[in-house]
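Structural overview for review
The lines below spell out each chain.
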Amino acid sequence: MNTTLIDKYNIPAPRYTSYPTVPFWEVDKFSVNRWQQSVIRSFEESNPAEGISLYIHLPFCEQLCTFCGCNKRITKNHQVEHPYIEAVLKEWQMYRSLFAHPPRIKELHLGGGSPTFFGAKNLAYLIESILKDTQLDTQPLFSFEGNPNNTTEEHLKALFDLGFRRVSYGIQDYNPAVQKAIHRIQPFEQVQKVHELSQKVGYTSINHDLIYGLPLQTLDSVLDTIQKTQQLRPDRIAFYSYAHVPWIKGNGQRGFSEKDLPQSAQKRELYEEGRKLLEVSGYHEIGLDHFSLKEDDLYQAFQSGNLHRNFMGYTSSKTQLMIGLGVSSISDSWYGFAQNVKKVEEYQHLVNQGELPVFRGHHLNQEDLVIRQHILNLMCQLKTNWEMSTAFFAELPQVWKRLKSFEQDQLISLNDHGMHIKTAGQPFLRNICMAFDTRFWRKQPAGQTFSMSI
Ligand SMILES: C[S@@+](CC[C@H](N)C(=O)[O-])C[C@H]1O[C@@H](n2cnc3c(N)ncnc32)[C@H](O)[C@@H]1O
Ligand code: SF4
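Residues numbered from 1 in each chain as written. Chains lettered and ligands numbered in written order. Predicted model: local features only at pLDDT ≥ 70, side-chain atom pairs only at ≥ 80, totals over all residues.

Focus on the packing of helix α5 (residues 153–161) against helix α7 (residues 188–201)
α7 packs onto α5 with a crossing angle of 30° between their chain directions and a minimal axis gap of 10 Å. The angle between α5 and α7 falls in the class roughly parallel. With respect to the hand of their crossing, α5 and α7 are arranged in right-handed fashion. Across from Glu153, Leu156, Lys157 and Phe160 in α5, the residues of α7 making contact are Leu197, Ser198 and Val201. (Axes fitted to C-alpha atoms, helices over the stretch in contact; angles between N-to-C directions. Helix = DSSP H or I, 4+ residues; strand = E, 2+ residues; numbered from the N terminus. Parallel < 35°, antiparallel > 145°, perpendicular 65-115°, else oblique. Left-handed = near helix turned anticlockwise from the far one by under 90°. Contact = placed C-beta atoms within 7 Å.)

Listed below in structure tokens is the structure:
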């Protein structure tokens, strides 16, 4: 691994789950009314043919993991479940009232927080109520994030009966010292038990989340974690770069010190060596930080050019309209984004008043739409082109100039019609996408907003 290139490109960079990225949204030009109109337009254009995606954020966890960058609320009080579910259902009714006919549900994902904090019966009630008066896609993709420490057979069966076939487990690392530092004690035997139970119940796509760059991790501990993971052979593996974002208030990342964190080249080595081990055991790298077995549809979507990326990460199906319900969720109508308030109390209060709990958003202009497609092409296919007039935008010559640096470093191949990312360029995917990010180059936000790219 070329350490000069790592030093050159290891800068704060977005992960591009959206374009424009959240810090560049024009929040002052956003209006809820216009947002609703864009949802109606998107629904009419894409339903019933394509269907819609639903994301539901379930924020509660009983214990705080000190590495966690997600929006969560730590509590042991399970009385919070019922009022939260009722609020989510009310929010869903507000969107339902915008649709002229029953929506077709293509994708449904429960994220968190820990969805499995909720009792199985409560989750079943939530999903059954959401699916009332909707049409199910012939091949629905229903998935949830399971915390291996509290996912039970009852959860697995209840969700399976409702159509869930995919589950993603947060593993992170098996080393006891690392687990202690991140305040997440989770022995291999516990994961093995829940993984095998999921297979027995009938889940056909199991994902494990691993992270490199965590405090106290060494190359040996990362390789050992991957070896243990291989024993269970999940269909997919997300191998995330640890996003150290201590400036996000209340995320508890200060439970260890900066000197415990592997730094740039050392951190990248964890990924490179981990990737090699994954590849020899039959996993294929997909876009950014994701691996899958050949039989999994994520790999097939990557091969056929149908891979898509949205706020939920990579997915094998694209829907134009994605509705995000619950605290902090982001919805995407293709023409606009809207994000919900982040505090549980405020969310429930607004919804109970009959108001959409949105606090900020962005309406995409023509240039945003074109750039968004280029960034999606790079993230999902590692290539893009500007042969068609619809792929052109006024600042393309400046983008070209920025891309020249990557070409000189032999990370991309560039010609008059388009570009593709070489194998050597894949570690710098986030940086290469940034070359297209005209909003970033026009005005950079004050303060630190993104995690480091390596
Ligand atoms: C929001 S968590 C939900 C999963 C579930 N609560 C659990 O912990 O098992 C989803 C995944 O986000 C990833 N994640 C959370 N914080 C992260 C960070 N700071 N950097 C990189 N990945 C992170 C972890 O891999 C985690 O499994
Ligand atoms: S990693 Fe999962 S369980 Fe831990 S605090 Fe974050 S969301 Fe909760």
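Regarding the domain arrangement of the protein chain
Each assigned domain of the protein chain is listed with its residue range as follows: domain 1 (21–363) and domain 2 (366–442). Between the C-alpha centres of domain 1 and domain 2 there is a distance of 27 Å. At the interface, eight residues of domain 1 touch eight residues of domain 2. Taken together, the residues that form the side of domain 1 that touches domain 2 break down as three nonpolar, three polar and two charged. (Domains from an automatic or database assignment. Nonpolar A, V, L, I, M, F, W, Y, C, P; charged D, E, K, R; others polar.)

Things to note about the environment of His155
If you trace the backbone, His155 turns up in helix α5. Spatially, the C-alpha atom of His155 lies 50 Å from that of Glu395, the residues being 240 residues apart in sequence. Every residue in contact with His155, bar those within four places of it in the chain, is listed here: Thr116, Ala120 and Leu123.

What about the environment of Arg73?
Secondary-structure assignment places Arg73 in strand β3 (residues 73–74). Taking the C-alpha atoms as reference, Arg73 lies 9.3 Å from Leu58; in sequence the two are 15 residues apart. Apart from the residues within four sequence positions on either side, Arg73 is in contact with Pro59, Phe60 and Val344.

Some thoughts on the site of ligand 1
Around ligand 1 sit 15 residues in total, of which Gly69, Cys70, Gly170, Asp209 and Ala243 are the nearest. Within the residue set of the shell around ligand 1, elements represented by two or more residues are β6 (166–172) and β7 (205–212). The residue makeup of the shell around ligand 1, split by class, is seven nonpolar, six polar and two charged. (Near = placed C-beta within 6 Å.)

Thoughts on helix α4 (residues 120–131)
Here α4 contains twelve residues, and its C-alpha end-to-end distance of 17 Å stays within 8% of the 16 Å for a straight helix at 1.5 Å per residue. For α4, the complete set of buried residues consists of Leu123, Leu126, Ile127 and Ile130. Along the axis of α4, the buried residues cluster in a sector spanning 90°; they form a single face. Exposed positions of α4 whose direction lies more than 90 degrees from the buried face are Lys121 and Glu128. Buried residues along α4 sit in contact with β1 (52–58), α3 (81–96) and α5. Downstream of α4 by one or two residues, Asp133 has phi in the positive range, about 55°. (Expected span 1.5 Å × (residues − 1). Buried ≥ 20, exposed ≤ 12 C-beta atoms within 10 Å, placed from the backbone. Arc of directions from axis to C-beta.)

Re the site of ligand 2
Taken together, Cys61, Leu64, Cys65, Cys68, Cys70, Lys72, Gly112, Gly113, Ser114, Asn147 and Gly170 are the residues near ligand 2. When its residues are assigned to classes, the shell around ligand 2 shows five nonpolar, five polar and one charged.

Here's the deal with the sheet that holds strand β18 (residues 412–414)
Note on sheets: strands pair through backbone hydrogen bonds, and any given pair is parallel or antiparallel. Spatial strand order, β17-β19-β18: three strands in an open sheet with antiparallel pairing. Each end of this open sheet is capped by a strand with a single partner; those strands are β17 (383–385) and β18. Taken over all neighbouring pairs, the strand axes of this sheet differ in orientation by 10° on average, direction set aside. Bridge analysis of β17 against strand β19 (residues 418–421) gives three bridges, and the strand direction is antiparallel. If you follow Asn385 over to β19, its bridge partner there is Gly418. (Pairing = 2+ DSSP bridges.)

Some details on α3
End to end, α3 covers 22 Å across 16 residues, agreeing with the expected 22 Å (1.5 Å per residue, within 8%). Taken as a whole, α3 has its buried residues at Tyr84, Ile85, Ala87, Val88, Glu91 and Trp92. Buried residues of α3 fall within an arc of 160° about the axis and therefore sit on the same side. Elements in contact with the buried residues of α3: β1, α4, β13 (322–325) and α11 (344–352).

A word on the nonpolar core
Residues Leu54, Ile375, Met379, Ile432 and Cys433 are the most contacted members of the largest nonpolar core, which totals 108 residues. Here this core gets six residues from one element, more than from any other, and that element is helix α12 (residues 366–381). Excluding its chain neighbours within four sequence positions, the residues that come into contact with Ile432 are Leu378, Phe406, Ile412, Ile421 and Gly425. (Core = buried A, V, L, I, M, F, W, Y, C linked by C-beta atoms within 7 Å.)

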